[in-house]
Amino acid sequence: MAAFGYLGDYPAREVMMQAIVGGQVILLNYALVQRWRLLNQKLLDVEHQARTELELKVHERTAQLRNTMRELEQANRKLASISLNDALTGLYNRRHMDNLLPELCREARRTGNPLSLALIDADHFKRINDTWGHDFGDQCLKQIAGILDEHVKRPRDVAIRFGGEEFALLLPGTDLDGARTLCLGILKAMRKTPLIAPGNETFHLTLSAGIAELATGQEPTDLFRKADEALYQAKGAGRDQIVLANRVSTPDHSTASSAN
């Protein structure tokens, strides 16, 4: 059109058109940049939200895991307590004694400190079960356990029910005389404790005890055998008394007799 004379000021118009096109290009680039920034910001927001949600989920799962581990630890402690404690009396059971006695024997041999084992048995207990039933017999066992718990006060001394009406005391750092004094108090307390049987019948239960002290070269089984033999002799000597293994003395009711 400029060639045929229709656009007399073509150069000026061309400059204007170039300016307009340049402006459009600039505006288009600006719009693209703004669009890119908007999309990038949305991407960052989505990423931040996803990271936040992930952190929250991780925190929740971590808290759940900690709670589960805490509950598992409590269950394990409860299970360990159940496995090592007598359900009726609350004292330690035979399993705990079997685990602890060898350890205490090794310690006593290493340190040279005394270790005594006392076996305590309720006298004529079968007669109690036959006369008043096993429920009342269980009450008597709880009463014995309570007396043992009252007298066994040192932190390392251990009271154990290892079967039926049989109990044991593990006394690290205690010799025969110290163990005898402790058992005398237990027998005396039991003798003075009235028990109310069904029908409001009152009677007194007695105990017999055999005590042995770990000797040089002895194994845990030897110590237990000596204490068991002493207990057997206490039963045979009339019950309600104490026999000290490997100690010669004059038999005396509720004090001590001898076992060779």
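Residues numbered from 1 in each chain as written. Predicted model: local features only at pLDDT ≥ 70, side-chain atom pairs only at ≥ 80, totals over all residues. Heavy atoms only, no water.

Notes on the overall build of the protein
Line of reasoning, step 1. Of regular secondary structure, the protein possesses six helices and eight strands.
Line of reasoning, step 2. Counting every position in the protein, which comprises 260 residues, the buried fraction comes to 33%.
Line of reasoning, step 3. Within the structure as shown, the protein displays about 16,300 Å² of accessible surface, and the carbon and sulfur contribution to it stands at 55%. (Helix = DSSP H or I, 4+ residues; strand = E, 2+ residues; numbered from the N terminus. Buried < 20%, exposed > 50% of the residue type's maximum accessible area, 1.4 Å probe, protein only. Areas by Shrake-Rupley, 256 points an atom, 1.4 Å probe, with all protein chains shown as cover.)

Remarks on the environment of asparagine 93
Line of reasoning, step 1. Topologically, asparagine 93 is positioned in the loop between helix H1 (10-84) and helix H2 (94-111).
Line of reasoning, step 2. Separated by 70 residues in sequence, asparagine 93 and glycine 163 have C-alpha atoms that sit 8.0 Å apart.
Line of reasoning, step 3. At 3.1 Å, the side chain of asparagine 93 and the backbone nitrogen of histidine 96 are in polar contact. (Polar contact = N/O pair within 3.5 Å; in protein donor to acceptor, adjacent residues only side chain to side chain.)

Digging into the pairing of strand S7 (residues 242-245)
Line of reasoning, step 1. Residues Ile242 and Leu244 of S7 are buried on one face, and the alternating residues Val243 and Ala245, pointing to the opposite face, are buried as well.
Line of reasoning, step 2. Pairing between strand S6 (residues 207-213) and S7: three bridges, direction parallel. Bridging across to S7, alanine 209 finds its partner in isoleucine 242.
Line of reasoning, step 3. Read from S6 through helix H6 (residues 220-236) to S7, the crossover connection turns out left-handed. (Pairing = 2+ DSSP bridges. Right-handed = clockwise from strand over helix to strand, strands pointing away.)

Focus on H2
Line of reasoning, step 1. For H2, which comprises 18 residues, the first-to-last C-alpha distance of 25 Å matches the rise-based estimate of 26 Å (1.5 Å per residue) to within 8%.
Line of reasoning, step 2. Of all the bends in H2, the greatest reaches close to 25° and is centred on leucine 100; the proline proline 102 follows between one and four positions later.
Line of reasoning, step 3. Near the N-terminus of H2, the side chain that reaches the backbone nitrogen of arginine 95, with its oxygen 3.2 Å away, is that of asparagine 93.
Line of reasoning, step 4. One or two steps after H2, the chain reaches glycine 112, where phi turns positive at roughly 80°. (Expected span 1.5 Å × (residues − 1). Bend = angle between axes of the 7 residues up to and from the residue.)

Observations regarding the pattern of salt bridges
Line of reasoning, step 1. Summed over all chains, the structure comprises eleven salt bridges.
Line of reasoning, step 2. A salt bridge links aspartate 123 to lysine 235; its shortest N-O distance comes to 2.9 Å. With aspartate 123 in the loop between strand S1 (115-122) and helix H3 (125-132) and lysine 235 in helix H6, the pair connects residues that are 112 residues apart, well separated along the chain. Exposure class is identical for aspartate 123 and lysine 235. Each is buried. (Salt bridge = Lys/Arg side-chain N within 4 Å of Asp/Glu carboxyl O.)

Shape is all these values report; function is a separate question.
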